[in-house]
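Working through the structure, step by step
Listed below are the residues making up each chain.
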Amino acid sequence: MAGGWSRDGAVSEQIEASIAEELERMKARRAPMGESRTHCAECEEEIPEARRTAIPGVKLCIDCQQERDGRPVSRAGFNRRGSKDSQLK
Ligand SMILES: [Zn+2]
């Protein structure tokens with residue numbers, strides 16, 4: 001059964017190659033495009049130094065980035081209303 005294992009080996013080699021390829025593609029997509037901006041590209045808000053250090057090539061302030069990521073903002077309002085009710089009692 002020598003043919004059996006060599007075929008398996010070829011298959012897993014192929015899988016590993018495609019994983020490495022995929023990782024490269026992901027890295028390229030995440031790679032910073034140019035230098036970090038000191039001010040947000042959308043609202044001109046100053047981007048904190050810490051954020052620029054943490055995310056090389058950052059273009060947006062936290063607010064604009066979260067908006068772009070589509071983070072739900074309504075949940076905070078829901079929580080606030082809940083704690084207000086408990087304070088009144
Ligand atoms: Zn902004």
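In this report, we go over the structure that sits alongside the text. Since the structure is predicted, the reported quantities are computational estimates derived from the model, not experimental observations.

Side note on the overall build of the protein
The helix and strand tally for the protein stands at four helices and zero strands. Start at the N end of the protein and walk to the C end: the helices and strands fall as α-α-α-α. Put simply, the protein has 89 residues, and 9% of those count as buried. Restricting to contacts in the protein with at least 6 residues of sequence separation, those with at least 24 account for 12%. As presented, the protein carries roughly 8100 Å² of accessible surface, and 54% of it is formed by carbon and sulfur atoms.

Some points on the coordination of the zinc ion
For a metal with four tetrahedral donors the ideal donor-metal-donor angle is 109.5 degrees, while six octahedral donors give ideal angles of 90 or 180 degrees. Looking at the zinc ion, one finds its protein donor set to be Cys 40 (SG), Cys 43 (SG), Cys 61 (SG) and Cys 64 (SG), positioned 2.3 Å from the metal centre. Mapped onto the polypeptide sequence, the residues donating to the zinc ion form the spacing pattern C-x2-C-x17-C-x2-C. With Cys 40 in the loop between α1 (2–30) and α2 (49–54) and Cys 64 in helix α3 (residues 62–69), the pair connects residues that are 24 residues apart, well separated along the chain. Pair check on accessibility: Cys 40 and Cys 64 agree, each one buried.

A word on the pattern of salt bridges
Summed over the entire model, instances satisfying the criterion amount to four salt bridges. Among the ionic pairs, Arg 25 bridges to Glu 21, the shortest N-O distance being 3.4 Å. With Arg 25 and Glu 21 both in helix α1 and four residues apart, this pair spans about one turn of that helix. For Arg 25, a relative accessible area of 44% puts it in the partly exposed group. The partner of Glu 49 in a salt bridge is Arg 52, and the shortest N-O contact between them spans 3.8 Å.

A closer look at the nonpolar core
The nonpolar side chains of a soluble globular protein tend to be buried with one another. By size, the foremost hydrophobic cluster in this structure holds six residues: Cys 40, Ile 47, Val 58, Leu 60, Cys 61 and Cys 64. Leaving out residues up to four positions away in the same chain, Cys 40 has contacts with Glu 45, Ile 47, Lys 59, Leu 60, Cys 61 and Cys 64.

Notes on a negative patch on the surface
Together, Glu 45, Glu 46, Asp 63 and Glu 67 make up a region of like negative charge exposed at the surface. By secondary structure assignment, the location of Glu 46 is in the loop between α1 and α2.

Comments concerning the side chain of Arg 51
Within the secondary structure, Arg 51 is located in helix α2. The charged side chain of Arg 51 is buried without a salt bridge, its nearest counter-charge being Asp 69 at 7.2 Å. Among the polar contacts made by the side chain of Arg 51, one reaches the main-chain carbonyl oxygen of Leu 60 at a distance of 3.1 Å. Residues within four places of Arg 51 in sequence aside, it is in contact with Val 58, Leu 60, Cys 61, Ile 62 and Gln 65.

Criteria and thresholds
Residues numbered from 1 in each chain as written. Predicted model: local features only at pLDDT ≥ 70, side-chain atom pairs only at ≥ 80, totals over all residues. Heavy atoms only, no water. Helix = DSSP H or I, 4+ residues; strand = E, 2+ residues; numbered from the N terminus. Buried < 20%, exposed > 50% of the residue type's maximum accessible area, 1.4 Å probe, protein only. Contact = heavy atoms within 4.5 Å. Areas by Shrake-Rupley, 256 points an atom, 1.4 Å probe, with all protein chains shown as cover. Donors = N, O, S within 2.8 Å, 3.2 Å for Na, K, Ca; no water. Salt bridge = Lys/Arg side-chain N within 4 Å of Asp/Glu carboxyl O. Core = buried A, V, L, I, M, F, W, Y, C linked by side-chain atoms within 4.5 Å. Patch = residues over 30% accessible without salt bridge, like charges linked within 9 Å, V, L, I, M, F, W, Y side chains within 5 Å. Lys, Arg positive; Asp, Glu negative; His and termini not counted. Charge placed at Lys NZ, Arg CZ, Asp CG, Glu CD. Polar contact = N/O pair within 3.5 Å; in protein donor to acceptor, adjacent residues only side chain to side chain.

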